[in-house]
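Structural description and commentary
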Amino acid sequence: MRIGLTGGIGSGKTEAGKVFAGLGAFLIDSDVLAREALGSGMPGLRAIGARWPQVVGADGTLDREALAAVIFGDKEARLFVNGIVHPYVRERSAGIEATAPAGALIVHDVPLLFEAGFFRHCDANVLVVAPREQRIARLMARNAWTREEIEARMAAQIDPERARELADFVIENDGTLDDLRARTKAVAEILFRRNSMNDSGE
Ligand code: ATP
């Protein structure tokens, strides 16, 4: 079975993904692949650097903050970058998925699961949600971003209430990390059970 795991920035989806992986899921992290798409020497980075030379540092690597400054608040710029990153991530994800052991529960951690439409290709979609102010506080602590920078990033993502309507499972991350882990484990156990029923039904 293929599971989509998502949540807005700072919602806790990476922590939830670790729980799935710890229980034996085959985790594919789109963020890692998106970074790979714009790694030094990659065609994607060359295309972006040709348009915005300021986003490539003297050492030939992507300056992520400079790219963020270019794309947040500019929809056309964001679509241009997504048009480079998304096809790469899709292709690499499919390649990695093909290496999963037979019968594995495959979990795709995809920040833009609903926005990019990948949820339609998943057997079940899991959404992690957290109160807006808690997300802002965690991200300010982790990244040294300002509230304005965080709100701009949030505004570029799907409204969490709309995401709730599209998700099959919603994990509320409004307590401690241990609460999040326990709630994620409960959802994961359901999905592992369904996955093994699918296997034995074949
Ligand atoms: P991003 O898309 O920005 O990477 P994310 O949805 O993957 O965010 P995480 O990285 O899992 O979110 O969580 C954001 C930060 O908040 C991390 O430092 C994480 O350890 C912390 N965190 C998540 N949930 C909790 C919680 N319930 N209590 C305390 N800290 C938490």
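Now for a description of the structure that goes with this document. (Residues numbered from 1 in each chain as written. Predicted model: local features only at pLDDT ≥ 70, side-chain atom pairs only at ≥ 80, totals over all residues. Heavy atoms only, no water.)

**Focus on the overall build of the protein chain**
A tally of regular secondary structure across the protein chain gives nine helices and five strands. N-terminal to C-terminal, the α/β element order of the protein chain is β-α-β-α-α-α-α-β-β-α-α-α-β-α. Relative to the globule expectation of 17 Å for 202 residues, the C-alpha radius of gyration of the protein chain, 18 Å, shows essentially globular dimensions. Counting only C-alpha atoms, the protein chain reaches 55 × 40 × 25 Å along its principal axes. Counting contacts in the protein chain only where the partners sit at least 6 residues apart, residues at least 24 apart contribute 72% of the total. (Helix = DSSP H or I, 4+ residues; strand = E, 2+ residues; numbered from the N terminus. Rg over C-alpha atoms; globule rule 2.2 N^0.38 Å. Contact = heavy atoms within 4.5 Å.)

**Brief notes about helix 6 (residues 132-143)**
Note: α-helices contain 3.6 residues per turn, so residues at a spacing of three or four share the same orientation. Between the first and last C-alpha of helix 6 there are 16 Å, a value that for 12 residues agrees with the 16 Å anticipated at 1.5 Å per step. Close packing links the buried residues of helix 6 with helix 7 (147-155) and helix 8 (160-166). Of the residues trailing helix 6, Ala144 is marked for its positive phi of about 60 degrees. (Expected span 1.5 Å × (residues − 1).)

**Thoughts on the environment of Leu62**
Along the chain, the position of Leu62 falls in the loop between helix 3 (43-51) and helix 4 (64-71). In this structure Leu62 comes out as buried when scored by relative accessible area, which is 13%. With 61 residues separating them along the chain, Leu62 and Met1 place their C-alpha atoms 35 Å apart. (Buried < 20%, exposed > 50% of the residue type's maximum accessible area, 1.4 Å probe, protein only.)

**Thoughts on the site of the ligand**
Near the ligand lie 16 residues; those nearest to it are Lys13, Thr14, Glu15, Arg142 and Asn173. Taking Ser11, its main chain carries an N or O atom lying 3.2 Å from an oxygen atom of the ligand. Between the ligand and the protein, one listed contact pairs an oxygen atom with a side-chain N or O atom of Thr14 at 2.4 Å. The protein chains hide 81% of the 630 Å² of surface that the ligand would expose on its own. Contributing elements (two or more residues each) for the shell around the ligand: helix 1 (13-22), helix 6 and helix 9 (177-201). Classifying every residue of the shell around the ligand by side-chain character gives four nonpolar, eight polar and four charged. (Near = heavy atom within 4 Å. Polar contact = N/O pair within 3.5 Å; in protein donor to acceptor, adjacent residues only side chain to side chain. Areas by Shrake-Rupley, 256 points an atom, 1.4 Å probe, with all protein chains shown as cover. Nonpolar A, V, L, I, M, F, W, Y, C, P; charged D, E, K, R; others polar.)

**Quick notes on the sheet that holds strand 2 (residues 26-29)**
Each strand in a sheet pairs with another by means of backbone hydrogen bonds, the pair being arranged parallel or else antiparallel. Taken in spatial order, the five strands of this open sheet run 2-3-1-4-5, and their pairing is parallel. Of all the strands in the sheet, the pair left with one neighbour each is strand 2 and strand 5 (169-172). Each adjacent strand pair in this sheet contributes to an overall mean axis angle of 20 degrees, direction not counted. Running at roughly 150 degrees to strand 1 (residues 2-6), helix 1 makes contact with strand 1, strand 2, strand 3 (106-109) and strand 4 (124-129) of the sheet. Across the face of the sheet, helix 2 (residues 30-37) comes into contact with strand 2 and strand 3 while running at roughly 40 degrees to strand 2. (Pairing = 2+ DSSP bridges. Axes fitted to C-alpha atoms, helices over the stretch in contact; angles between N-to-C directions.)

**Some remarks on helix 2**
Of the residues making up helix 2, those classed as buried are Ser30, Leu33, Ala34 and Ala37. Angularly, the buried residues of helix 2 cover 105 degrees about the axis, an arc narrow enough to put them on a single face. Looking at the buried positions of helix 2, the neighbouring elements they touch are strand 2, helix 3, helix 5 (75-97) and strand 3. (Arc of directions from axis to C-beta.)

**Digging into the pattern of salt bridges**
If the charged atoms of two oppositely charged side chains come close together, the side chains can form a pair. A complete count under the given rule lists 15 salt bridges for this structure. A salt bridge links Arg2 to Glu97, with the nearest nitrogen and oxygen atoms 2.7 Å apart. Of the two residues, Arg2 is situated in strand 1 and Glu97 in helix 5; the sequence distance between them amounts to 95 residues. Residue class for Glu97 comes out buried when judged on its relative accessible area of 16%. When salt bridges that share partners are traced, they join Glu15, Lys18, Asp178 and Arg181 into one network. (Salt bridge = Lys/Arg side-chain N within 4 Å of Asp/Glu carboxyl O.)

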